Amino acid sequence: MSTVLASSPTAVAVEPLPAQRSRGYWASVWLRLRRDPVAIGAAVVVLLLIALALFGPWLAPADPYQSSMLKRLKPIGTEGLPLGSDELGRDMLSRLIVGARLSLFIGITPVLCAFVGGTVIGIVAGYAGGLTNTLIMRTIDVFYAFPSVLLAIALSGTLGAGVVNSLISLTIVFIPQIARVAESVTTQVRTRDYVEAARASGASPFTIVRVHVLGNVLGPIFVYATSLIAVSMILASGLSFLGLGVKPPEPEWGLMLNTLRTAIYVQPWVAALPGVMIFITSISFNILSDGLRSAMDNKG
Amino acid sequence: MLAYLLRRVIYAVPIMIGVALVCFLLVHIAPGDPLVSILPPDASADLQAQLRELYGFNRSLPEQFAMWVWRALHGDLGVSIASNRAVAGEVFTAVGNTLRLAVVATFIGFVLGCLFGFVAGYFRGSWVDRLASMFSVLGVSVPHYWLGMVMVIVFSSQLMWLPATGAGPSGSDDWAWDWAHLQFLLLPALTMSVIPMGIIARTVRALVAEILEQEFIVGLRAKGLTHFGVFRHMVKNAAPTALAVMGLQLGYLLGGSILIETVFSWPGTGFLLNSAIFQRDLPLLQGTILVLALFFVVLNLLVDVLQTLLDPRIARA
């Protein structure tokens, strides 16, 4: 009895109405994030990149597919080619802008899929406990035992080149990582008094997970998932760089880097441009994710 | 503690079996018949059956897996379809080359990362901290294959200080630790070191900041210990975790070197994987991945054991 009394104040502090509580939580995260100028700067860059991805085809000054044998590998600042041209004479600026869509798509989609899949697997394992937990988590451990780059390349290498295959392999790479976080948070929440109370009052496992578990575990999993976006961007473009992802002539930053690799002795700085875009994207997501994490950690 | 270590070792066995199973199944998730890549398109049904028998594809999956593991345990990883040489030998040579690269890269990353991390953690909130933290964010965010290209552009194509690709003046066969060979190692190793640098700097910064807040540091200072004396205590407390992170990073670099090896044409496992993938040489692919993944598992185990030996508190937790 004394243990129940001792732990009840904390339970009261965490429990109140889930719907209101979650809105208040996100609002306070936003308030703290707003005071972090670096994170806001990164957020602005991320929004700009997303805008590029959405409206790129209308923003590009030239046709990103239009090649020209006469205008091959022009330097940055050439008349009509502000960022030079690639090995087939296509306008680099336009290709970089239009490339945002595919590059962000192949970078973010695996994290989104793994967020859904990993959360479901992690919550099932964490909430069910016992043998189910052991089976799921030991399987996850096996996938976790591969370095992520190796697993991604092994999977997409055997499945064959292509966007869909690289999305599948990256999703498989990230699911164990997210599931681990989801499982550990769920296991913590599961033993809280309010979950016990809900169970005692006859709520079904589905209702308990929906009402009590999800609201408490989604935040930490979300923050963790955002930290994976930068990794995923680098890996997805890396697969294209190896020739395992996007196929030519589609504009995608990793693939552009690959095809321009032979040109580094002719137009080195033009050849390096697609990597700058990947770098800007991954660093913005990393800073934003760090900002989110510290904004969420501070909850008093 | 011994019980803990033993438990940890035993726990690695099912993981290893699982890893082997995943590597084994890779060939079977590959689209198409694995025989297609070996056989000429007009091969007779007889020849097909013969080869199926030879590779064991006519048996049930569990049987095939058992056979494959049994052979692997005896050092036989099959024969490369493309080169017709033993996979084990090819992987062995490549692992040596990659290991050389990864160890040097981890060392550079560890030294720089510790330096940045300690400085940042010790002077937390100051401009030094912000600068060091910026470096570590840059390190974890940079697409390293691009950094490799930039390195080649700057140091090989523009300044012409260092060779751009390869692993030695005469190819990859005879390695020596002299300048003629080291200059080939420098660029890829520096490029590779950026990731562990960033991660180790982050870890060490957090560790130092956490240790500095503990009461025994206040106690040591109150006792009148010099800055250096306090620093020594801090290092002792941070070392096990920092070393553990370093060990894991070595494993990640070993498994993730493919992109950098491709940029620098370094004749390691990444290079091997790359050619295996594009020639659809499944035995080679399978063998390389198996060896790298098992290396990673063993390294994880070693790190855990070492960490426990260095910091007995872990076994008690």
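The rules behind these values
- All chains use their own residue numbering, which begins from 1 and follows the written sequence.
- Lettering of chains starts at A and numbering of ligands starts at 1, both following the order in which they are written.
- Residues qualify for local features only when their pLDDT is at least 70, as the model is predicted, and side-chain atom pairs are given and counted only at 80 or more; totals for whole chains, interfaces and linings, by contrast, use all residues.
- Only DSSP runs of H or I covering at least 4 residues are called helices, and only runs of E covering at least 2 are called strands; the numbering of each starts at the N terminus.
- Between the buried cut of 20 or more and the exposed cut of 12 or fewer other C-beta atoms within 10 Å of a residue's own C-beta lies the partly exposed class, and all C-beta atoms are placed from the backbone.
- Throughout, a residue-residue contact means that the two C-beta atoms, derived from backbone geometry, are no farther apart than 7 Å.
- By definition here, a helix of n residues has an expected span of 1.5 Å times n minus one.
- Throughout this entry, Asp, Glu, Lys and Arg are counted as charged residues, while Ala, Val, Leu, Ile, Met, Phe, Trp, Tyr, Cys and Pro are counted as nonpolar. The remaining residues, Gly among them, count as polar.
- A set of buried Ala, Val, Leu, Ile, Met, Phe, Trp, Tyr and Cys residues, joined through C-beta atoms within 7 Å, is what we mean by a nonpolar core.
- pLDDT expresses how confident the predictor is about each individual residue, on a scale running from 0 to 100.
- For helices, the fitted line uses only the C-alpha atoms of the stretch in contact; every axis is such a line through C-alpha atoms, and the angle between N-to-C directions lies from 0 to 180 degrees.
- Roughly parallel here means an angle under 35 degrees, roughly antiparallel means over 145, roughly perpendicular means 65 to 115, and every remaining angle is called oblique.
- Crossing chirality is assigned from the near helix's rotation relative to the far helix, an anticlockwise turn below a right angle marking it left-handed and a clockwise turn marking it right-handed.

### Details of the overall build of chain B
The helix and strand inventory of chain B stands at 13 helices and 0 strands. For chain B, the N- to C-terminal ordering of α and β elements is α-α-α-α-α-α-α-α-α-α-α-α-α. Structurally, chain B occupies a C-alpha span of about 85 × 55 × 35 Å along its principal axes. Scored against the burial criterion, the 317 residues of chain B give a buried share of 38%.

### Topic: the overall build of chain A
Looking only at helices and strands, chain A features 11 helices and 0 strands. Along the chain direction, N to C, the helices and strands of chain A fall in the order α-α-α-α-α-α-α-α-α-α-α. Each of the three principal axes of chain A carries a C-alpha extent, and together these read 85 × 45 × 25 Å. Looking at chain A as a whole, 45% of its 300 residues qualify as buried. Looking at chain A alone, contacts between residues at least 24 apart form 72% of all its contacts between residues at least 6 apart.

### Some words on helix α1 (residues 2-29) of chain B
Taking 1.5 Å per residue, 28 residues should reach 40 Å; α1 of chain B reaches 41 Å between its end C-alpha atoms and fits that length. Taken together, the buried residues of α1 of chain B touch α5 (130-144) of chain A together with α3 (61-73) and α12 (282-310) of chain B.

### Side note on the interface of chain A and chain B
The interface of chain A with chain B comprises 34 residues on the first partner and 38 residues on the second. At the level of secondary structure, the elements contributing two or more residues to the side of chain A that touches chain B comprise α5, α6 (148-159), α9 (205-241) and α11 (268-297) of chain A. It is α11 of chain A that contributes the most residues to the side of chain A that touches chain B, 10 residues altogether. In the side of chain A that touches chain B, the residues fall into 23 nonpolar, 8 polar and 3 charged.

### Notes on the environment of D193 of chain A
Looking at the element boundaries, D193 of chain A is found in helix α8 (residues 193-200). Along the sequence, D193 of chain A and V163 of chain A sit 30 residues apart, while their C-alpha atoms lie 46 Å from each other.

### As for unusual backbone geometry
Residues P248 of chain A and P249 of chain A are joined by a peptide bond in cis, for which omega reads 5°. Its location among the elements puts P249 of chain A in the loop between α9 and α10 (253-260). Phi is positive for S265 of chain B, close to 50°, though the residue is something other than glycine. With respect to the helices and strands, S265 of chain B occurs in the loop between α10 (258-264) and α11 (269-278).

### Let's talk about helix α8 (residues 215-222) of chain B
For α8 of chain B, the tally of buried residues reaches only 0 of 8 residues, placing the bulk of the element at the surface. Directly after α8 of chain B, the chain includes G224 of chain B, whose backbone phi takes a positive value near 100°.

### What about the environment of F174 of chain A?
Residue and element names in this part refer to chain A. Positionally, F174 belongs in helix α7 (residues 163-190). Residues F174 and S148, spaced 26 residues apart in sequence, show a C-alpha to C-alpha distance of 8.1 Å. When near neighbours in sequence (up to four residues on either side) are disregarded, F174 contacts P110, V111, A114, G118, L228 and S232.

### Re the nonpolar core
By size, the foremost hydrophobic cluster in this structure holds 156 residues, and its most contacted members are L150, A152 and I178 of chain A together with I200, V204 and A293 of chain B. The contact partners of I200 of chain B, leaving out residues within four places of it in the chain, are G109, F110, G113, C114, G117, A242, V245, M246 and Q249 of chain B.

### Quick notes on the environment of R205 of chain B
All names here are of chain B. Here R205 shows up in helix α7 (residues 179-212). Along the chain, R205 and A244 lie 39 residues apart, while their C-alpha atoms are 15 Å from each other. Excluding anything up to four places from it in sequence, R205 contacts G117, A120, G121 and S133.

### Topic: the confidence of the model for chain B
Residue and element names in this part refer to chain B. Put simply, chain B has an average pLDDT of 83, and 92% of its residues get 70 or more. By mean pLDDT, the top-scoring element of chain B is helix α4 (residues 87-122) (88), and the lowest-scoring one is helix α13 (residues 313-316) (70). Reported confidences for the modelled complex are a pTM of 0.84 and an ipTM of 0.84.

### With respect to the packing of α11 of chain B against α12 of chain B
Residue and element names in this part refer to chain B. It is the contact of α11 with α12, at a shortest axis distance of 9 Å, that shows an interaxial angle of 150°. As judged from the angle between their axes, α11 and α12 are roughly antiparallel. Crossing hand, α11 versus α12: left-handed. Note on element contacts: α12 touches α11 through L284, L285, T288 and L292, opposite T269, L272, L273, A276 and I277. For the contact of α11 with α12, a count of residues per class yields 7 nonpolar, 2 polar and no charged.

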